[in-house]
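For reference, the chains in residue letters:
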Amino acid sequence: MLFRSAVGRPKRDAAKERLLIRLLRGRPHAEIEAAGRTFGDRLARDGISPPMRERIDWHDARGHDLVIVSASLACYLEPAAAGLGIGSVLATRLEVVDGHCTGRLDGGNCRGIEKARRLRAHLGDPGAEVWAYGDSRGDDEMLALADHPVRVRRGVPVTRR
């Protein structure tokens, strides 16, 4: 199922949700959040390449509004963002009912056009100058709306389109 999704089948979001349902359905949300904090803290500490840390610092020094926009789960991206000094996260969220995860996505998968839609809504100002960094085809629409689109390969900004 995941292989078919990786090679471009249109059911990628449904496959992701089915996997999350299998893995997380019925688990206490507090347990998922705690695991997310642990992983997010480690990601902020060890998972960002030195060139990307430099870019974060460069933008921060200029007072830019830093936002992570990702199809990854907010439960670990929010702690990672906090550890990196990034103020906002637009990401895929898990549905929670009565304190337990259902495994379903709350608000859909934040990839492709959904990334661009959420970023536009977050920015509000149509005149805002946007720098965007992307490492996958799921970033194409977000990069297309940026004034400064930058492709990232193996954690290193490599090209501007």
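The structure this text deals with has already been given above.
Every chain is numbered independently, its residues counted from 1 as its sequence is written. Totals for whole chains, interfaces and linings use all residues, but because this is a predicted model, local features are given only for residues with pLDDT of at least 70 and pairs of side-chain atoms are given and counted only at 80 or more. For side-chain calculations, the full set of non-hydrogen atoms in the structure is used, while hydrogens and water are omitted.

Draft legend 1. The arrangement of the overall build of the protein chain in detail. Check the secondary structure of the protein chain and you find 7 helices and 6 strands. Where helices and strands are cited, they refer to DSSP runs of H or I of at least four residues and of E of at least two residues respectively, numbered from the N terminus. Reading the protein chain from its N end, one meets helices and strands in the order α-α-α-α-β-α-β-β-α-β-α-β-β. Just to be clear, the radius of gyration here is over C-alpha atoms, and the globule rule we use is 2.2 Å times residues to the power 0.38. Here the C-alpha radius of gyration of the protein chain, 16 Å, is about what a compact globule of 161 residues would show, namely 15 Å. Across its three principal axes, the protein chain shows a C-alpha extent of roughly 45 × 35 × 30 Å.

Draft legend 2. Up close: the pairing of strand 1 (residues 67–73). When a residue's accessible area, from a 1.4 Å probe over protein chains only, is under 20% of the maximum for its type it is buried; when over 50% it is exposed; and in between it is partly exposed. Of all the 7 residues making up strand 1, 5 are buried; the element is thus mostly covered by neighbouring parts of the structure. In short, DSSP must find at least two bridges between two strands for them to pair. Here strand 1 runs beside strand 2 (residues 88–97); their pairing, made up of 5 bridges, is parallel. Opposite isoleucine 68, over in strand 2, you have valine 89 as the bridge partner.

Draft legend 3. The side chain of aspartate 139, seen in detail. Structurally, the position occupied by aspartate 139 is in the loop between strand 4 (131–134) and helix 7 (140–145). Classification of aspartate 139 by relative accessible area gives buried; the value is 2%. In this description, contact between two residues means that some pair of their heavy atoms is separated by no more than 4.5 Å. In this view, aspartate 139 contacts Lys115 and Gly134; residues no more than four positions away in its chain are not counted.

Draft legend 4. Broad picture of the sheet that holds strand 1. Judged by pairing direction, the sheet is mixed, and its 3 strands sit side by side in the order 1-2-3 without closing on themselves. Of all strands in the sheet, those with a lone pairing partner are strand 1 and strand 3 (100–106), marking the two edges. Strand after strand, the sheet turns through a mean of 45° between neighbouring axes, direction not considered. Where helix 5 (residues 74–84) meets the sheet, its contacts fall on strand 1 and strand 2, and the angle it forms with strand 1 comes to roughly 150°. For helices, the fitted line uses only the C-alpha atoms of the stretch in contact; every axis is such a line through C-alpha atoms, and the angle between N-to-C directions lies from 0 to 180 degrees.

Draft legend 5. Quick peek at the packing of aromatic side chains. For Phe, Tyr and Trp, rings pair up if their centres lie within 6.5 Å, where Trp contributes its six-membered ring, and each pair is then called stacked (planes under 30 degrees apart), edge-to-face (over 60) or tilted (otherwise). Tallied over the entire structure, the rule returns 2 aromatic pairs. On the basis of an interplanar angle of 80° and a centroid distance of 4.8 Å, the ring pair of phenylalanine 39 and tyrosine 76 is categorised as edge-to-face. Taken together, the residues span a long stretch of sequence, with phenylalanine 39 in helix 3 (residues 29–46) and tyrosine 76 in helix 5 at a distance of 37 residues. Summarising the aromatic geometry, the rings of tryptophan 58 and tryptophan 131 are spaced 5.2 Å apart at their centres and angled 70° between planes, so their arrangement reads as edge-to-face. Placement of the pair is tryptophan 58 in helix 4 (residues 50–61) and tryptophan 131 in strand 4, with a sequence separation of 73 residues. Using a relative accessible area of 26% as the deciding quantity, one classes tryptophan 58 as partly exposed.

Draft legend 6. Fine view of the environment of arginine 118. Mapped onto the fold, arginine 118 is located in helix 6 (residues 113–123). For the pair arginine 118 and alanine 14, spaced 104 residues apart in sequence, the C-alpha separation works out to 20 Å. Beyond its immediate sequence surroundings of up to four residues, arginine 118 is in contact with Leu90, Ala91, Thr92, Gly107, Gly108, Asn109 and Cys110.

Draft legend 7. Structural context of helix 3. In this analysis, the expected span of each helix is defined as 1.5 Å times one less than the number of residues it contains. Counted at 1.5 Å a residue, the expected span for helix 3 with its 18 residues is 26 Å, and the 25 Å between its end C-alpha atoms agrees. Ile32, Gly36, Gly40 and Ala44 are the residues of helix 3 that are buried. Taken around the axis of helix 3, the buried residues stretch over an arc of 95°, which confines them to a single face. The exposed set on the far side of helix 3, more than 90 degrees from its buried face, consists of Ala30, Thr38, Arg45 and Asp46. Check the buried side of helix 3 and you find it contacts helix 2 (12–24), helix 4, helix 5, strand 2 and strand 3. This arc is built from the directions going out from the helix axis to the C-beta atoms.

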